[in-house]
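So the chains spell out like this:
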Amino acid sequence: MALSGMRGLSVFISDIRNCQNKEQERLRVDKELGNVRTRFKNEKGLTPYEKKKYVWKMLYIYMLGYDVDFGHMEAVSLISAPKYPEKQVGYIVTSCLLNENHDFLRLAINTVRTDIIGRNETFQCLALTMVGNIGGREFAESLAPDVQKLLISSSCRPLVRKKAALCLLRLYRKNPDVVNVDGWSDRMAQLLDERDLGVLTSSMSLLVALVSNNHDAYWSCLPKCVKILERLARNQDVPQEYTYYGIPTPWLQVKTMRALQYFPTIEDPNTRRSLFEVLQRILMGTDVVKNVNKNNASHAVLFEALALVMHLDAEKEMMSQCVALLGKFIAVREPNIRYLGLENMTRMLMVADVQDIIKRHQAQIITSLKDPDISIRRRALDLLYGMCDVSNAKDIVEELLQYLSSADFAMREELSLKAAILAEKFAPDLSWYVDVILQLIDKAGDFVSDDIWFRVVQFVTNNEDLQPYAATKAREYLDKPAIHETMVKVSAYILGEYSHLLARRPGCSPKDIFAIIHEKLPTVSTSTIPILLSTYAKILMHTQPVDPELQNQIWAIFNKYESCIDVEIQQRAVEYFALSRKGADLMDILAEMPKFPERQSALLKKAEDAEVDTAEQSALKLRAQQQTSNALVVTDQRPANGTPHVGQLGLVKVPGSVNADHNLQNEGLAQENGTLSKIDPQSVVPTADLLGDLLGPLAIEGPPAVPTEPHAIIASERDPNPADALALAPVDEQINSVQPIGNIAERFYALCLKDSGVLYEDPYIQIGIKAEWRAHHGRLVLFLGNKNTSPLVSVQALILPPSHLKMELSLVPETIPPRAQVQCPLEVMNLRPSRDVAVLDFSYKFGTSLVNAKLRLPAVLNKFLHPISVSAEDFFPQWRSLSGPPLKLQEVVRGVRPMPLPEMANLFNSLRLMVCPGLDPNANNLIASTTFYSESTRAMLCLVRIETDPADRTQLRMTVASGDPTLTFELKEFIKEHLITIPTVTPSPVAAPAPQVAQPTTALTDPGAILAGLF
């Protein structure tokens, strides 16, 4: 701002700067405000110059932090001045002093509009700047159409159009419901042809905001964005003033790639190929240099390109190249680059098939744990936690334990929690798990929560083979001269319960155990003394025949604490003393603790609260503030007579699920083709049991379900597309106003053949899945991604499992922040073979739109298969031993999708059936083998033979054999469903003939079967 000639303003500023303290400054400001107020009262005597000078003084005082509660009218009046100096100060001061709801702004709307539609470019820029800074609703209603006309006008200079684009962006962000952008897709496409890079950059910012709310309307802009990237990547027609350290307009490249990330996919092969060529050039041309500014610009482009590569689910070669590039970054000396490399490598973990590539950099990531910068150490810890699996769990956990001794206190609690969770999830055996947790307590006892040692106790109690080993390790730790109090707790508990198992070992007699535990009594707090008293009582109970000396020592301790001021200690001492006089009855009263019911570990919730989601930091803030959840897990527990009673159909309900009862009393649950069946609300009761086993089954478990009454499932022939109906089953008769993107049935079938991908997508949310399967256990991670700049609220998730699966979904937040992604793990256990499908009942609210979707989850039969290669020596004896029904079933399958034999072999491999070439002498036949895992069958070998007719590829003969009749039938039907053509028209009402062998009883009473049925 030009202040030359304003002597009074310059003197005032000099006086303020010369003040010795705050009090002098305040007195000088009060004096000046009084003078300005006096002059404004006689406004008629003020010249334009004086009014301008006093308004500048008001702005300066306001910038110093003082309240200016007068003179607003004078500032607004200057907007209508005919000369630039007065109009400039009017616009600037009005923008600073008045908010969007100030009444005085209404007086200036007509003047501002006159300046916008006028021909004076300077006045247009002043008006657009003020409107963009204030961005009020009244401004949007009155001025947005004029700003839009200005943006697309060919007669305006680029400077004005650039400001018009930014002004419209501000108005749209503040008031998207007021600014009318209908039909703007063609205009935006025209703006993307702009040659002026300033206008193009501003227009791209506007496009990012538009596609974030509705990308469907702007598909025509997608190829234009790719062409812009091509132009910039080749440095074509880029003026020198837009080249930053040799990089052509990095800010425009970043905005363009961000806009492309709002489109779900790129269908056109030419456009996709061109885009990947540009991304390849960015990846190849980015390296670390000494110039910091160039590094910042090139890395901004690079990391946005990495995000786009992940979004587009690029080929594995490009993903490998991205990981290799990040691997170079985490090895450089510059800490900022190392931090970005670690953070983006953590994001890459969300992409399928790259975890093995990231493992190659495990040594360098572990080295980053020792970095002087704590932020880098945190990122390295997050990355190690995310990349850990069965193959590298031992190495990573051991490194974390070594690092624990030297880690910062700020990190030790998170480090301890993550080490405990990894040890539990990926333990090769329970003895190793016990070793890890005891080492954890020994090295970082102050930072180990009670939940961790509670979990050890639960494992030891539930596994008899582990009890002697755990007692031996606890005894060894007690020999140390100084141990943490948490170690005293867990050791005392374990030895109290199981020290009698060590009685024959030297130094492990009851008297020795008592002596070494009693040595720790003076060093512990009052919260630990009750545990020690219980241990003494247990030791006395296990000492048979009774040792009088030991008995007197323990009785003396009980007598000592009978008068303790702590009520808990006093009560235990009195009761144990009385019980110890019962003689032989003491054995029954103080018997060993029974096995704990299988429960979800409390560590799971703590892990979610402490987990750092580096892909979206806003998701971390959501977890930290999360107090309620709508995650519900339903298990079927219908008794043998089929009549439900209270507690049979149970809910695991987290406090805060205020809508659960309302949801349960809705019309019912959708069946296979959308038909509804009622569920009695009286049979549904909540349970308060919130603890659980991280890898274990649900806490609620009941007897196997039985066939329901004939009216429980009603066949429906009204749905013209059964495949879509199965994939997205509606509840009630409501139709969502928000339609899904893409074919949901195709997404489901694709996920049946692979372990990661998109399950569901609409304009507001994307639900992705990444799964890991090990024997009869599975772990799915649901990625709930908010695609918009507004939060998704009232988020609810309900898992409806079939009777053969135990499923447990972790906490789902009620709100997903803008542009955030939330991860929700889902644990699965397969109990027996079945083709029934689990269903995710998911709903959320965006604005006034309430969206509800019933989605089948790809926890299907082939996920519990493990392909195995068999030789002729192994195959034929097994094949002959499984003779005839029901262990070996044969069927001629008609209506098969015509496919060459290699394509059928690829399909079988996708279904986890390993094709064994050379076993069948007929080249037109296939033989496949696999192993099926479930809790009932354990590992069960399955053999399949396919006999094809080269003259008619639409039919074949299939023979399936296994050692379990149910498995044989279910596997045969499962393979048949993937071989025949998926129906796309209304099915014929005539039922197909039943197979020779009756289908085993299917539990149609469970919610998953009612909702999804068979495929």
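Residues numbered from 1 in each chain as written. Predicted model: local features only at pLDDT ≥ 70, side-chain atom pairs only at ≥ 80, totals over all residues. Heavy atoms only, no water.

(A) Examining unusual backbone geometry more closely. With phi around 55 degrees, Tyr245 is a residue other than glycine that occupies positive phi space. One can find Tyr245 in the loop between strand E1 (243-244) and strand E2 (247-248). The phi torsion at Arg819 lies on the positive side, around 55 degrees, for a residue other than glycine. Take Arg819: it is sitting in the loop between strand E12 (805-809) and strand E13 (821-830). (Helix = DSSP H or I, 4+ residues; strand = E, 2+ residues; numbered from the N terminus.)

(B) Structural context of the pattern of salt bridges. Under the definition given, this model contains 51 salt bridges. Lys22 is paired through a salt bridge with Glu25; the nearest N and O atoms lie 3.0 Å apart. In this pair, Lys22 and Glu25 both sit in helix H2 (residues 22-41), three residues apart, roughly one turn of the helix. Looking at Glu25, the relative accessible area reads 13%, which means it is buried. For Arg455, the salt bridge goes to Glu424, with nearest N and O atoms at 2.8 Å. Residue Arg455 is found in helix H24 (residues 450-462), and its partner Glu424 is found in helix H22 (residues 409-425); the two are separated by 31 residues along the sequence. (Salt bridge = Lys/Arg side-chain N within 4 Å of Asp/Glu carboxyl O. Buried < 20%, exposed > 50% of the residue type's maximum accessible area, 1.4 Å probe, protein only.)

(C) Representation of the pairing of strand E21 (residues 952-962). Here strand E17 (residues 888-894) pairs with E21 via seven bridges, running antiparallel. Directly across from Leu889, in E21, lies its bridge partner Val960. Sheet topology places strand E20 (residues 938-949) next to E21; eight bridges connect them, and they run antiparallel. Of the residues in E21, the one forming a bridge with Thr948 is Leu956. Linkage of E20 to E21, two consecutive antiparallel strands, is achieved through a turn of two residues. (Pairing = 2+ DSSP bridges.)

(D) Quick peek at the state of the cysteines. Summed over all chains, the structure comprises zero disulfides. Cysteine Cys225 is unpaired, with the sulfur of Cys221 as its nearest cysteine sulfur at 6.2 Å. (Disulfide = S-S within 2.5 Å.)

(E) Highlighting the packing of helix H6 (residues 105-117) against helix H8 (residues 137-152). Direction vectors running N to C along H6 and H8 enclose 5 degrees, while the axes themselves pass 11 Å from each other. Classified by the angle their axes make, H6 and H8 are roughly parallel. Counted together, Leu105, Arg106, Ile109, Val112, Arg113, Ile116 and Ile117 of H6 and Glu138, Phe139, Ser142, Leu143, Asp146, Val147 and Leu150 of H8 form the full contact between these two elements. (Axes fitted to C-alpha atoms, helices over the stretch in contact; angles between N-to-C directions. Parallel < 35°, antiparallel > 145°, perpendicular 65-115°, else oblique. Contact = heavy atoms within 4.5 Å.)

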